[in-house]
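# Structural overview
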Amino acid sequence: MPTTTATKPIYLFEEGNASMRDLLGGKGAGLAEMTGMGLPVPPGFTITTQQCLEYYKQGKKMPAGLSELILENVKTIEKKMGKGFGDPKNPLLVSVRSGARESMPGMMDTVLNLGLNDQTVEGLAKLTGDARFAYDAFRRFIQMFSDVVLNLKKRSFEEILSKKKKAQGVKEDSDLTADSLKALVSEYREHVKKSAGREFPMDVKEQLLMAVQAVFASWNNERAIVYREKENIPHDLGTAVNVQSMVFGNMGSDCGTGVSFTRNYNTGAKEVTGDFLFNAQGEDVVAGIRTPLQLSALKDKSPEIHQQLVDISANLEKHYRDMQDMEFTVERGKIFMLQTRRAKRTAQAAVKIAVDMEKEGLITQSEAIQRVSADQIDQLLHPYFPVDKKKAALEAGRLVAKGIPASPGAACGEVVFEAVDALKLKAAGKPVILVRPETTPDDAQGMLASVGILTSTGGPTSHAALVARGWGIPCVVGCEALSIDLEKKTVTAGNKVWKEGQAISIDGSTGEVMEGTIDRVSPSELTGDAKLILDWADKVRKLGVYANADNPKDAARARAFGAEGIGLCRTEHMFMETDRLPIVQRMIMAAPEAERLKRGVHRLELDVVEAAGHKKEELQHRLDELKKELAGPWKIYQETLTQLLPVQREDFRGILKAMEGCWVIIRLLDPPLHEFLPNYEELLVEVAEQRMLQKFADQKVDVSKVGKLHSQAEQKEREALLGKVRSLKEFNPMLGLRVCRLGIVYPEIYRMQVRALFEAACELKSKGVDVKPEVMIPGVGHVNEMKFTRDMVQEVAQTVLREKGVTLTYKVGTMVELPRATVVAGSLAQHAEFFSFGTNDLTQTTFGYSRDDAAGTFIPVYIEKKILERDPFQVLDSEGVGQLMRMAVEAGRHANAKLEVGICGEHGGEPHSIAFCHSLGLNYVSCSPYRVPIARLAAAQAALASQPKSGKSQD
């Protein structure tokens, strides 16, 4: 918690103000500010958040001297109200309410009507002339106090109340008579004695001190902890406690209670809106005990009170310069304000309110930018389930399971388990949700054909999650409650089973999986107010915003969302396209043998030069034989590369054209080659089954009913493929033959890609298209790797430029994704024009965590047990990975002052990570197309947050 010079444990409302939010909590600061404004606020005081923290330090015991101070300050309220706490003739009743710095609605506890006992309830009845009201307040107090302080189940009291109403033949609480309520109080107290093993406390001072401790304790109740974790609210802030004189909305028809908003929280329209109940207390509204009325009902019955509320609303909004959420009570025709706080609002409302307030002169453009969150922009970009539709589905028991929300949005479709089936069903016009244990690059086409993706394993940076986010497909991963049987084509959750073709719905924003379909609402386009906010953001941000895009369609989409370039184009996704995958597989089958033999030829050629006489003749003969052996696989290798060249050239031409005038970073082939081949285990099973079928067939056994027997040629081909896949199989492929190591061992692949890129660039440049290609070498960790690959790129690029007679500006750089690369960044920067941090792998290799396995195994446990504050694959680890990045930036720019530095990992679209990138002074962030607007906003907010603070507090 931020430091403060204040030392008082308790502040009267008139002693505080809005700037003391850390100390007084949001509710206390709001009450203090309204008191200072002269608004009708019932008197009271706030026990500070520091006292809550001290309560926990003392082992959940009241801090020394606090009890005496509380009772002393109650005397101040007594003087202001002209009543006595515990006075049987003129009783003062108080509320005891929580109030943390950050709003946590309903997460902590409140006690109302505190101060009632056998004597004060009679005094209250005589003062008001309404025994029914007095005993209704008493029964409410006993129920609430017993729930919050004595830990008795609220439901048990509701059951007693229901029995009483049934016995009296009434439906509503308000229909119970004074005598019935008096009898109910006795029953409640007997229930407390039996269940809690003690009498209900009748000493009002004991009631107050017990309630204060209970509110302190509620800071760490389960729901509060869960809420803080979801909202990223620190756990060490503590809650303040507000003790306030009670005002009553349930004293008759000229009383009531309500919640109002200075603007419409759904649409953002400038109109006071909210709910109100006549003859009720505040808990009746928020707890849903009775169906509230719209504020227009108050206007119809009490136009003067309604006008006062409208005037107060305008005053508060102007004072705070933000939309306010207010609680108020009307007691016998007089309005009292019980709370004001910054109002929560929908994404659509947030954008409209920010723009409208800027136009009204209430806030500046910079403040308007800061009033809209990244999550709200995200909500504007994806389809979603309306709250009422989803609530109805959940209440109907249609929730199947809950996984990790990986890609926002709502999707409904038929269950399908194989990529090929997804393609078929899409061609038939059916929406499908691809359901698999996990996805691989082989599933890319099926994923693209799906409206949603659901996996039982993996985390937020798994293949399914990464691809889904890049393509804007709703996705839920790590849904371990699901049992997926690909052979039977079923998915099971508990005692429910779904077969292929049955409909399910997924919410990629919450991780929920539901049976059947749910109506969706299409997202608003980024036009109007949303576009204006982002245009304002572009004026103040320092970071450039690029996109990760692998095809012209994604590139065009990214540009439409405001991307200024392509920060990562992953060429492996191009290789997975169905029209070239067979060619790629033939290339991979030939490449190892071709390169092995080529290196053998090269070594023998050197030996022949150095040898003489008979030895020279012998070596020459071996060399001739090896060249003959090389001819076959080398021919296939070269033929496949020749076939891939025009395909790759067309890929690059489309992306460069879509991003005309913008830099486009093309990453050369990155993954292990075996990822493009069939799965080894599946292929092994297939070959073994065929061998068994062949054995039975040789014995004249009819195997047609068991399976289809391949021809000898087919079986020979599959066995050869199995051998190749086995030879390429690695124990740790993520750290094996991949990234730049692939291009060094098989340089012809990188040469083909570079030639394709520069031929495409030259073709476009000759037609007047402004192209700006950049070549990214993946996974460099040693300066010699950088030098070797850069020289190769330069050689091919210059050759193509000479052949085409074109002058072209381009850059060569590397993806920094290994810890060693950050350590030797100074050396690397001497041979690179840009660095791009691949923080997915950098996080993986720095922590030693598998990004595909961690989220579904130990990361949730680490977060729950506070080992980690956040998942480092979702939010950049600034303390560890971030410091490696800082070191690389400083060393790289020291060695090369013109070095450009960006980030292209998934963190490039996450607001906290973007703020850190801003602090490092990076040139740009790159993210999936659908996160470009979020990155634009977050980059602007980071720039504004780094400016010196000035002006009036916005608390």
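As the structure is a prediction and not an experimental result, all values here were calculated from the model.

What counts as what
Residues numbered from 1 in each chain as written. Predicted model: local features only at pLDDT ≥ 70, side-chain atom pairs only at ≥ 80, totals over all residues. Heavy atoms only, no water. Helix = DSSP H or I, 4+ residues; strand = E, 2+ residues; numbered from the N terminus. Contact = heavy atoms within 4.5 Å. Areas by Shrake-Rupley, 256 points an atom, 1.4 Å probe, with all protein chains shown as cover. Pairing = 2+ DSSP bridges. Axes fitted to C-alpha atoms, helices over the stretch in contact; angles between N-to-C directions. pLDDT = per-residue confidence, 0-100. Buried < 20%, exposed > 50% of the residue type's maximum accessible area, 1.4 Å probe, protein only. Phe/Tyr/Trp six-rings, centres within 6.5 Å; stacked < 30°, edge-to-face > 60°. Lys NZ or Arg CZ within 6 Å of the ring centre and 35° of its normal. Salt bridge = Lys/Arg side-chain N within 4 Å of Asp/Glu carboxyl O. Patch = residues over 30% accessible without salt bridge, like charges linked within 9 Å, V, L, I, M, F, W, Y side chains within 5 Å. Expected span 1.5 Å × (residues − 1). Arc of directions from axis to C-beta. Parallel < 35°, antiparallel > 145°, perpendicular 65-115°, else oblique. Left-handed = near helix turned anticlockwise from the far one by under 90°. Nonpolar A, V, L, I, M, F, W, Y, C, P; charged D, E, K, R; others polar. Disulfide = S-S within 2.5 Å.

## Quick notes on the overall build of the protein
- Within the protein, the secondary structure is distributed over 36 helices and 29 strands.
- Excluding contacts between residues fewer than 6 apart, the proportion of contacts in the protein whose partners are at least 24 apart in sequence is 69%.
- Accessible surface computed for the protein: about 41,700 Å², of which carbon and sulfur atoms make up 51%.

## Regarding the sheet that holds strand β19 (residues 496-499)
- Judged by pairing direction, the sheet is antiparallel, and its 3 strands sit side by side in the order β17-β18-β19 without closing on themselves. Unpaired on one side and paired on the other, β17 (483-485) and β19 mark the two borders of the sheet. Averaged over neighbouring strand pairs, the angle between their axes works out to 20 degrees when direction is ignored.
- Across 4 bridges, the pairing between strand β18 (residues 490-493) and β19 is antiparallel. Looking at β19, one finds that A493 is bridged to K496.

## Quick look at the confidence of the model for the protein
- Of the residues in the protein, 95% have a pLDDT of 70 or more, and the chain-wide mean is 89.
- Every residue in residues 286-290 scores below 50 in pLDDT, and together they form 9 contacts with partners more than four places removed in sequence or on other chains.
- The model gives residues 951-955 a pLDDT under 50, and that stretch makes 9 contacts with residues more than four places away or in other chains.

## Observations concerning unusual backbone geometry
- In the Ramachandran plot, K60 falls in the positive-phi region, its phi being about 60 degrees despite a non-glycine side chain.
- Within the element layout of this structure, K60 appears in the loop between α2 (49-57) and α3 (66-81).
- Under the relative-accessibility criterion, K60 is labelled exposed at 52%.

## Focus: the pairing of β18
- As judged from the 3 bridges shared by β17 and β18, these two strands associate in the antiparallel manner. Bridged to S483 within β18 is T492.
- Joining the antiparallel neighbours β18 and β19 is a turn of 2 residues, in which G494 adopts a positive phi near 65 degrees.

## Concerning helix α32 (residues 839-847)
- All buried positions along α32 are accounted for by T839, N840, D841, L842, T843 and Q844.
- Count one or two residues on from α32 and you reach G848, which has phi positive near 80 degrees.

## A look at the sheet that holds strand β1 (residues 10-12)
- What the 5 strands build is an open sheet, ordered β1-β2-β5-β3-β4; its pairing is antiparallel. What marks the edges here is a single partner per strand, and that holds for β1 and β4 (110-114). Strand-to-strand twist across the sheet, computed as the mean angle between neighbouring axes with direction ignored, equals 20 degrees.
- The strands that helix α1 (residues 21-36) touches are β1, β2 (44-47), β3 (94-100) and β5 (239-245); relative to β3, the one it contacts most, it runs at about 125 degrees.

## Description of the packing of aromatic side chains
- Enumeration according to the criterion identifies 17 aromatic pairs in this entry.
- Centre to centre, the rings of F145 and F200 are 5.3 Å apart; their planes meet at 70 degrees, and the pair counts as edge-to-face. With F145 in helix α5 (residues 131-148) and F200 in the loop between α7 (178-196) and α8 (204-218), this residue pair connects regions lying 55 residues apart in the sequence.
- Classification of F145 by relative accessible area gives buried; the value is 0%.
- A connected cluster of aromatic rings, assembled from ring pairs, spans F847, Y849, F858 and Y862.
- Taking the ring centre of Y11 as reference, the NZ or CZ of K8 above it sits at 5.0 Å.
- Residue placement shows K811 over the ring face of W663; its charged tip is 4.1 Å from the ring centre.

## Observations regarding the pattern of salt bridges
- The full count for this structure, using the stated rule, is 56 salt bridges.
- For R580, the salt bridge goes to D651, with nearest N and O atoms at 2.9 Å. Taken as a pair, R580 in the loop between α22 (571-575) and α23 (581-610) and D651 in helix α24 (residues 613-658) lie far apart in primary sequence, 71 residues in all. For the residue pair R580 and D651, the accessibility class agrees, reading buried in each case.
- Taking the shortest distance from any N to any O, the salt bridge between R851 and D841 comes out at 3.4 Å. Of the two residues, R851 is situated in the loop between α32 and α33 (859-864) and D841 in helix α32; the sequence distance between them amounts to 10 residues.
- For R851, a relative accessible area of 16% puts it in the buried group.

## Regarding a nonpolar patch on the surface
- Where nonpolar side chains cluster on the molecular surface, the patch consists of M692, F696 and V701 and spans about 280 Å² of accessible area.
- Mapping M692 onto the fold places it in helix α25 (residues 680-698).
- The exposure class assigned to M692 is exposed, which follows from its relative accessible area of 53%.

## Description of the side chain of E33
- Turning to its location among the elements, E33 is positioned in helix α1.
- With a relative accessible area of 16%, E33 lands in the buried category.
- With residues up to four places along the chain from it excluded, the contact list for E33 reads N17, A18, H319 and Y320.

## Let's talk about α7
- Helix length check: α7, at 19 residues, gives a terminal C-alpha distance of 26 Å against a target of 27 Å (1.5 Å per residue), a fit within 8%.
- Those residues of α7 that fall on the buried side of the exposure criterion are S180, L181, L184, V185, Y188, H191 and V192. For α7, the arc enclosing every buried residue in end-on projection is 145 degrees, short of the 170-degree limit, so these residues lie on one face. Relative to its buried face, α7 has exposed residues pointing more than 90 degrees away, namely D179 and K194.
- Buried positions along α7 lie against α5 and α6 (154-168).

## Considering the environment of A658
- Mapped onto the secondary structure, A658 falls in helix α24.
- Between the C-alpha atom of A658 and that of A939, which follows or precedes it by 281 residues, the distance is 24 Å.
- Excluding residues within four positions of it along the chain, A658 makes contact with P552, A555, A556 and R559.

## Some points on the packing of α23 against helix α26 (residues 712-728)
- Between α23 and α26, the least distance of the axes is 10 Å, while the angle of their chain directions is 60 degrees. Judged by the inter-axis angle, α23 sits oblique to α26. The two elements α23 and α26 meet at a crossing, and its hand is left-handed. Taking contact as the criterion, the partners of I588, M589, P592 and E593 in α23 are, on α26, A720, L721, K724 and L728.
- When its residues are assigned to classes, the contact of α23 with α26 shows 6 nonpolar, no polar and 2 charged.

## Observations concerning the state of the cysteines
- For the coordinates displayed, the defined rule picks out 0 disulfides.
- Between C904, a free cysteine, and C917, which holds the nearest cysteine sulfur, the sulfur-to-sulfur gap is 11 Å.
- For C904, a relative accessible area of 4% gives the class buried.

## Some details on the packing of α32 against helix α34 (residues 881-895)
- Orientation of α32 relative to α34, taken along the N-to-C sense of each, is 115 degrees, at an axis distance of 10 Å. Taken together, the axis directions place α32 and α34 in an arrangement best described as roughly perpendicular. In this structure, α32 meets α34 at a crossing whose hand is right-handed. Across from T839, L842, T843, T846 and F847 in α32, the residues of α34 making contact are V881, L884 and M885.
- Residue composition of the contact of α32 with α34, by class: 5 nonpolar, 3 polar and no charged.

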